[in-house]
Protein chains: 2
Amino acid sequence: MTTVGEVSRPSRVADPDEAISAEELQLAARNHGIPLEALRYDVTPAGLHYLLIHYDIPDVDPATHTLTVDGAVARPLALDLAALRERPRVTHRVTLECAGNGRALLHPRPVSQPWLVEAVGNAEWTGTPLAPLLREAGVAPEAVDVVFTGADHGVERGVEQDYQRALPVADALREEVLLAYEMNGAPLLPQHGAPLRLIVPGWYGMAHVKWLRGITVSTEEFTGYQNAVAYRLRRDADDPGEPVTRIEPRALVRPPGFPDFMSRTRMLRPGPCTVDGRAWSGHAPVMSVEVTTDGGANWAPAMLDAAGGDWSWRRWRFEWSPEPGRYVLGARATDASGRTQPVEQPWNRGGFANNLVQRVEVVVVAE
Amino acid sequence: MTTVGEVSRPSRVADPDEAISAEELQLAARNHGIPLEALRYDVTPAGLHYLLIHYDIPDVDPATHTLTVDGAVARPLALDLAALRERPRVTHRVTLECAGNGRALLHPRPVSQPWLVEAVGNAEWTGTPLAPLLREAGVAPEAVDVVFTGADHGVERGVEQDYQRALPVADALREEVLLAYEMNGAPLLPQHGAPLRLIVPGWYGMAHVKWLRGITVSTEEFTGYQNAVAYRLRRDADDPGEPVTRIEPRALVRPPGFPDFMSRTRMLRPGPCTVDGRAWSGHAPVMSVEVTTDGGANWAPAMLDAAGGDWSWRRWRFEWSPEPGRYVLGARATDASGRTQPVEQPWNRGGFANNLVQRVEVVVVAE
């Protein structure tokens, strides 16, 4: 067992009664979600934004880092960070969510990073728009995909690779797609892609390539691992599936009251309280949020705060005055495209784009 | 089941064959360790330092936050952040480690936050020394303990509480103990105790009270939950045990090569490479680090870089030139007090102060 293919094993789905494995725990220990109380912040502070790192955080020297633009272009380019910083500068507030969010709650459970519901964050990304740079390079009329390559290197399901993801040309040319070098007004942190990453507002996290070092325009559809194998909605291993793209609508409840350390069950005193949270969708603006306090049997409308921008989550509030007892809180977002959240789990083999309604157990304590 | 005591259950040890529970995974998803490749940084960047939050991150307004000093003192004090910032300012580089680091690798496994080996970080903490403030308040000669109270509130093993930890008076008066308001040159982040936390160099993390709002000098030994119940080295539930205090020596290997996504097994090409990592102890300076590549059967000395300060981890390096094959790397630190790391697990019911040698599986690939 001394070849890459022998060490790195195929993807799998857990047996029906299989508990969380040591390997899943190991991934949970290094990748991390937003602590749900941090849904209180409009902009997620450094270190509280979710983080999914496929391999290792690479050691990239910003002083010598160069971004190349090549492939099917008229004028290949190479830009260092100083050159990128001299270009037009814009900031977008963007909600990022991991495509695998909610995976560990699925039955049966796809075995990978075991997210519960917390793989999300909302940050201000500053950089320069990609589209003008591509236009300067001169994208060939027959171009199909634009491939983004990061500096992170590893093995995944037997395939040794630098992390690479492609966007269709039309998506790469959207005006809001950024080459970002700052997050929340500070230089990118190592774990968020320093010194340069892609930001594709509205898309799940896998598209926002970190430690970006190369952009290659291709006249053929990209068949690399992360597009053709990993991030696809499949029923089974033989299904070619559909690509994972934009973020499905989701609302999260900021758990009210205070927690039990071990179970994280919430305790709350009786009486009036405001329950709040955030809602987002990568398809269209969030139009409504409904709240349940009985695990989905009944729903009531929440109040929506003003929108925080085209790509940012939106705060919602719900006035509640519970008697002592046990409750299961959840919230359901609906966007302007008519998409909403299911109360029965959607399922695919990778556990992607799962926006099942959250369940927050709350005990309103009599004492 | 609508009282705090019914919802919050006693501590327990897992059955011999019991897998990681949903509750442990939930804790792992919100608390997080240092990704081991981040051992490359002398000072751990924001967001990569380990984090253990007993309850929720509280919402503390720095503009109105006040620290009170009361109890057995001649002159009770109340200071806001501006007043604390006007006092003498010092910076210490301090390695912090969670007392529960390594818990999830123990057999049998104490059921709590399921750390593997990554609950550590090294940061620069800036603030004002505590001792002069206590002297100004005038600590009563008969004082025994100094109790530190945070703004975080929750339930733990049936006990509703604000987080509180006491230090013996002599430890509270050590010159290096800080009231810290900055980390790595920036204001404290919410998750690290903003706007004020205690720093007790050399002690495990539970002593470094976050969101610090009160200091109470007591003429009796403090019997609060975190001192008398939680952080004790016990053989069984009836053993009163010994308090958890200073950090036992530990070395960690920065895993060489590149990882497999799912198993995190490391792959490496044959030939010369430098293996490195960090070593620390809260008892005395690290004097030596030894490295094993065969899971502990044989050991060879590592080179130590210059020390990074009295309370900071120290870098070590080891030249290695492996042939293809499978290896298990580990490192063992010994400090000037003669303390070192075991290759057989130490065990106590809380899984505290466990400094068992790490095991890093490396496959040197032939291809």
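Calculation rules
Residues numbered from 1 in each chain as written. Chains lettered and ligands numbered in written order. Predicted model: local features only at pLDDT ≥ 70, side-chain atom pairs only at ≥ 80, totals over all residues. Heavy atoms only, no water. Domains from an automatic or database assignment. Contact = heavy atoms within 4.5 Å. Buried area = accessible area lost by both parts, 1.4 Å probe. Salt bridge = Lys/Arg side-chain N within 4 Å of Asp/Glu carboxyl O. Helix = DSSP H or I, 4+ residues; strand = E, 2+ residues; numbered from the N terminus. Nonpolar A, V, L, I, M, F, W, Y, C, P; charged D, E, K, R; others polar. Least-squares fit on C-alpha atoms with pLDDT ≥ 70 in both. Buried < 20%, exposed > 50% of the residue type's maximum accessible area, 1.4 Å probe, protein only. Arc of directions from axis to C-beta. UniProt positions renumbered as here; feature names shortened; annotations may be inferred.

**Focus: the domain arrangement of chain A**
A common way to express how large an interface is: the accessible area buried when the components associate.
All names here are of chain A.
Step number 1: You can read the domains of chain A as domain 1 (4-243) and domain 2 (250-364).
Step number 2: Centre-to-centre, using C-alpha coordinates, domain 1 lies 26 Å away from domain 2.
Step number 3: Counting residues at the interface gives 42 residues for domain 1, matched by 24 residues for domain 2.
Step number 4: Overall, the association of domain 1 and domain 2 removes approximately 3100 Å² of surface from exposure, summing both partners, and the carbon and sulfur fraction of that is 56%.
Step number 5: Between the two partners, domain 1 and domain 2, sit two salt bridges.
Step number 6: Close ionic contact of R250 with E97 constitutes a salt bridge, the shortest N to O distance being 2.8 Å.
Step number 7: The dominant element in the side of domain 1 that touches domain 2, judged by the number of residues it contributes, is strand β3 (residues 90-97), at four residues.
Step number 8: Considered class by class, the residues forming the side of domain 1 that touches domain 2 number 19 nonpolar, ten polar and 13 charged.

**Quick notes on the relation of the copies chain A and chain B**
Step number 1: Each copy of the sequence occupies a distinct position, and chain A is placed on chain B by a rotation of 180° and an axial shift of 0.0 Å, giving an RMSD of 0.0 Å. Given the turn and translation reported, the copies of this chain are related as if by a two-fold rotation axis. Measuring from the rotation axis to each C-alpha of chain A, the shortest distance belongs to G47 of chain A, at 1.8 Å.
Step number 2: Interface residue correspondence from chain A to chain B reaches 100%, placing this contact among same-surface, isologous pairings.

**A few points about helix α4 (residues 130-137) of chain B**
Because each turn of an α-helix spans 3.6 residues, side chains separated by three or four positions end up pointing in the same direction.
All names here are of chain B.
Step number 1: Buried within α4 are the following residues: L130, A131, L133, L134 and A137. One side of α4 carries all its buried residues, which in axial view fall inside an arc of 160°.
Step number 2: Downstream of α4 by one or two residues, G138 has phi in the positive range, about 80°.

**Re the UniProt feature "domain: Oxidoreductase molybdopterin-binding" (unreviewed entry) in chain A**
Step number 1: When the UniProt feature table is mapped onto this chain, "domain: Oxidoreductase molybdopterin-binding" (unreviewed entry) is found at residues 54-225 of chain A.
Step number 2: For residues 54-225 of chain A, helix accounts for 11% and strand for 40%, while the C-alpha atoms at its two ends are 12 Å apart.

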